[in-house]
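# Results of the structural survey
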Amino acid sequence: MADDLDELLDEVELRFCRDSAPSVPPKETSKEEDDLSDLIEDIFHDDPSVSDLSKSNPGAITNCSGHRPPSQTKGRKCCPVYLGGSSAPLGLGTNTSQRTCDQLRCTTCDFRVITLDDYEWNKSCDYFFFRNNMPDLNKLKVKTLSRRGARAYACQCSWRSIQNLTDLREEQALRWVCGKH
Ligand SMILES: [Zn+2]
Ligand SMILES: [Zn+2]
């Protein structure tokens, strides 16, 4: 009997251990499985061959073909905006490339600013002269003087004779802006 009981106890113990033994590791393996599935998810998220690249690649392509080139090649504004004499190079002005803007627009009269190289405005110029003759260069030239190195600027409401490179911010009365290049 006692042997039987021992056997029974052994059996119970064995069964308990067998039952409990797997019941402990499963917790660990389930953790490991969680970690593993996390890992797998991470791998899938990081894997460039899976969805992420195929999602980001077309985005990059549209960024390249749809957004960047226009902002790089077109629509750049002078900063700062320069005015200058007739020898000053025309184009997009920056701090490192002091070109005088040839795309000036007036925000007051909404006219494009015209320029006449090697001319300056006659002292008799007034608001009505420009209002009546803008933008006819031949008529406007009537009130100019030939002056080597100068450049005459005018819109319909303002005018300036410029000799040296001038930052437009120094000419606060002028409502001229770069109309983009
Ligand atoms: Zn400009
Ligand atoms: Zn104007």
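What counts, and where the lines are drawn
Residues numbered from 1 in each chain as written. Chains lettered and ligands numbered in written order. Predicted model: local features only at pLDDT ≥ 70, side-chain atom pairs only at ≥ 80, totals over all residues. Helix = DSSP H or I, 4+ residues; strand = E, 2+ residues; numbered from the N terminus. Buried ≥ 20, exposed ≤ 12 C-beta atoms within 10 Å, placed from the backbone. Contact = placed C-beta atoms within 7 Å. pLDDT = per-residue confidence, 0-100. Pairing = 2+ DSSP bridges. Axes fitted to C-alpha atoms, helices over the stretch in contact; angles between N-to-C directions.

### Some remarks on the overall build of the protein
- Looking only at helices and strands, one finds four helices and seven strands in the protein.
- Helices and strands in the protein line up, N terminus first, as α-α-β-β-β-α-α-β-β-β-β.
- Going through the 181 residues of the protein one by one, you find that 20% of them count as buried.
- Within the protein, counting contacts between residues at least 6 apart in sequence, those at least 24 apart form 62% of the total.

### Observations regarding the confidence of the model for the protein
- Considering every residue of the protein, the mean pLDDT works out to 79; 62% of them sit at 70 or more.
- pLDDT under 50 marks residues 47-71. Its contacts with residues more than four places away, or in other chains, come to five contacts.

### Considerations on the pairing of strand β5 (residues 159-162)
- Judged by which residues are buried, β5 turns out to be covered on both faces: Trp159 and Ser161 on one side and Arg160 and Ile162 on the other are all buried.
- Between strand β4 (residues 144-154) and β5, which follow one another and run antiparallel, lie four residues.

### Topic: the sheet that holds β4
- Across the sheet, which stays open at both edges, the three strands sit in the order β3-β4-β5 with antiparallel pairing between neighbours. Looking along the sheet, the strands with just one partner apiece sit at the ends: β3 (114-121) and β5. Across this sheet, the average inter-strand angle for adjacent strands is 40 degrees, counted without regard to direction.
- Pairing analysis gives seven bridges linking β3 to β4, with the strands arranged antiparallel. Following the sheet pairing, Glu120 is matched in β4 by Leu145.

### Quick look at the environment of Cys79
- Tracing the chain through its elements places Cys79 in the loop between α2 (52-73) and β1 (82-83).
- Judged by C-beta crowding, with 10 C-beta atoms within 10 Å, Cys79 ranks as exposed.
- In sequence terms Cys79 and Leu92 are 13 residues apart; their C-alpha atoms lie 8.2 Å from each other.

### What to know about the environment of Trp159
- By the secondary structure assignment, Trp159 is in strand β5.
- The class for Trp159 is buried, based on 22 C-beta atoms found within 10 Å.
- Separated by 15 residues in the primary sequence, Trp159 and Leu174 place their C-alpha atoms 8.4 Å from one another.
- Non-local contacts of Trp159, meaning those with residues more than four positions away in its chain, are made with Trp121, Cys125, Phe130, Tyr153 and Ala154.

### Considerations on unusual backbone geometry
- Pro80 follows Cys79 through a cis peptide bond whose omega is 0 degrees.
- Position of Pro80 relative to the elements: it lies in the loop between α2 and β1.
- The backbone of Asp118 sits at a positive phi, close to 65 degrees, despite the residue not being glycine.
- Backbone geometry at Lys180 places phi at a positive 75 degrees, although glycine is not the residue there.
- Tracing the chain through its elements places Lys180 in the segment after β7 (176-178).

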